[in-house]
Amino acid sequence: MADKPVRADKASAVAELTDNFRNSAATVLTEYRGLTVSQLTELRRSLGKETTYSVSKNTLAKRAATDAGIGGLDELFTGPTALAFVSGDPVEAAKSLRAFAKAHPVLVIKGGVFEGKALSADEVNRLADLESREVLLAKLAGAMKGNLSKAAATFQAPLSQAVRLVDALRAEREKDGSAEAA
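Described below are features of the structure shown in this document. (Residues numbered from 1 in each chain as written. Predicted model: local features only at pLDDT ≥ 70, side-chain atom pairs only at ≥ 80, totals over all residues. Heavy atoms only, no water.)

## Overview of helix 5 (residues 121-129)
At step 1: Buried within helix 5 we find Val-124, Leu-127 and Ala-128. The buried residues of helix 5 occupy an angular sector of 100° when the element is viewed end-on, so they sit on one face. What points out from helix 5, more than 90 degrees from its buried face, is the exposed set Asp-122, Arg-126 and Asp-129.
At step 2: Structurally, helix 5 contributes buried residues whose contacts are with strand 1 (26-31), helix 4 (90-103), strand 4 (108-114) and strand 5 (117-120). (Buried < 20%, exposed > 50% of the residue type's maximum accessible area, 1.4 Å probe, protein only. Helix = DSSP H or I, 4+ residues; strand = E, 2+ residues; numbered from the N terminus. Arc of directions from axis to C-beta. Contact = heavy atoms within 4.5 Å.)

Here it is in structure tokens:
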């Protein structure tokens, strides 16, 4: 009888992890061996409110990833594993994890999941090299605005050329008219 509550707890833990895998924009798997409780608290704070960092049993996390339809993570579930479920900007979370790992070398980024696809540790680091979503959108908006300005100038050029031509003809007629009068 003691097994049933434990199994119910495991089933609910797997269901919660599965929901986290499905509802997160990205997930980063880390090995936290050697970090103190205060360092883990510092890490959680540095990740912000849009990222949940939690320690999980490998067997439960592996089953949850499979239930969520994510493959290719089985080899990452070795040793003590913690999962960073990112609901906000994955780039910012990856940058925060990488910065914390530089300050605390015992934190190891094992890999992750982005848009349902498994990522290696190198791919997570490349994700951290990207600029934030806001910066990329601002650059896109600037490029689009520049192209629109060029298009407006191109459409306006024939009209301004015609005005200059008419003005030059008028000036020439006035000049010819004053030369005939003299």
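## Topic: the sheet that holds strand 1
At step 1: Taking strand neighbours across the sheet as the criterion, the 5 strands line up as 2-3-1-4-5 in an open arrangement whose pairing is antiparallel. Of all strands in the sheet, those with a lone pairing partner are strand 2 (51-56) and strand 5, marking the two edges. Between one strand axis and the next, the sheet turns by 20° as a mean value, whatever way the strands run.
At step 2: Examined bridge by bridge, strand 2 and strand 3 (residues 81-86) share 6 bridges and lie antiparallel to one another. Bridge pairing in strand 3 links Thr-52 to Phe-85. (Pairing = 2+ DSSP bridges. Axes fitted to C-alpha atoms, helices over the stretch in contact; angles between N-to-C directions.)

## A short note on the packing of aromatic side chains
At step 1: By the definition in use, this model includes 1 aromatic pair.
At step 2: Taken together, a centroid distance of 5.3 Å and an interplanar angle of 90° make the contact between Phe-21 and Phe-85 edge-to-face. Linking Phe-21 in helix 1 (residues 3-23) with Phe-85 in strand 3, this pair joins segments that are 64 residues apart in sequence. No difference in accessibility class separates Phe-21 from Phe-85, as the two residues are buried. (Phe/Tyr/Trp six-rings, centres within 6.5 Å; stacked < 30°, edge-to-face > 60°.)

## Focus: the packing of helix 4 against helix 5
At step 1: It is the contact of helix 4 with helix 5, at a shortest axis distance of 7 Å, that shows an interaxial angle of 110°. The angle between helix 4 and helix 5 places the two elements in the roughly perpendicular class. The handedness of the crossing between helix 4 and helix 5 comes out as left-handed. Here helix 4 contributes Pro-90, Val-91, Ala-94, Lys-95 and Arg-98 to the contact with helix 5, which in turn contributes Val-124, Asn-125, Leu-127, Ala-128 and Asp-129.
At step 2: Of the residues in the contact of helix 4 with helix 5, the class split is 6 nonpolar, 1 polar and 3 charged. (Parallel < 35°, antiparallel > 145°, perpendicular 65-115°, else oblique. Left-handed = near helix turned anticlockwise from the far one by under 90°. Nonpolar A, V, L, I, M, F, W, Y, C, P; charged D, E, K, R; others polar.)

## A short note on helix 3 (residues 58-67)
At step 1: Within the span of helix 3, buried status applies to Asn-58, Leu-60, Ala-61, Ala-64 and Ala-65. Taken around the axis of helix 3, the buried residues stretch over an arc of 165°, which confines them to a single face. For helix 3, the exposed residues lying more than 90 degrees away from the buried face are Thr-59 and Arg-63.
At step 2: Once helix 3 ends, the next one or two residues include Gly-69, with phi positive near 85°.

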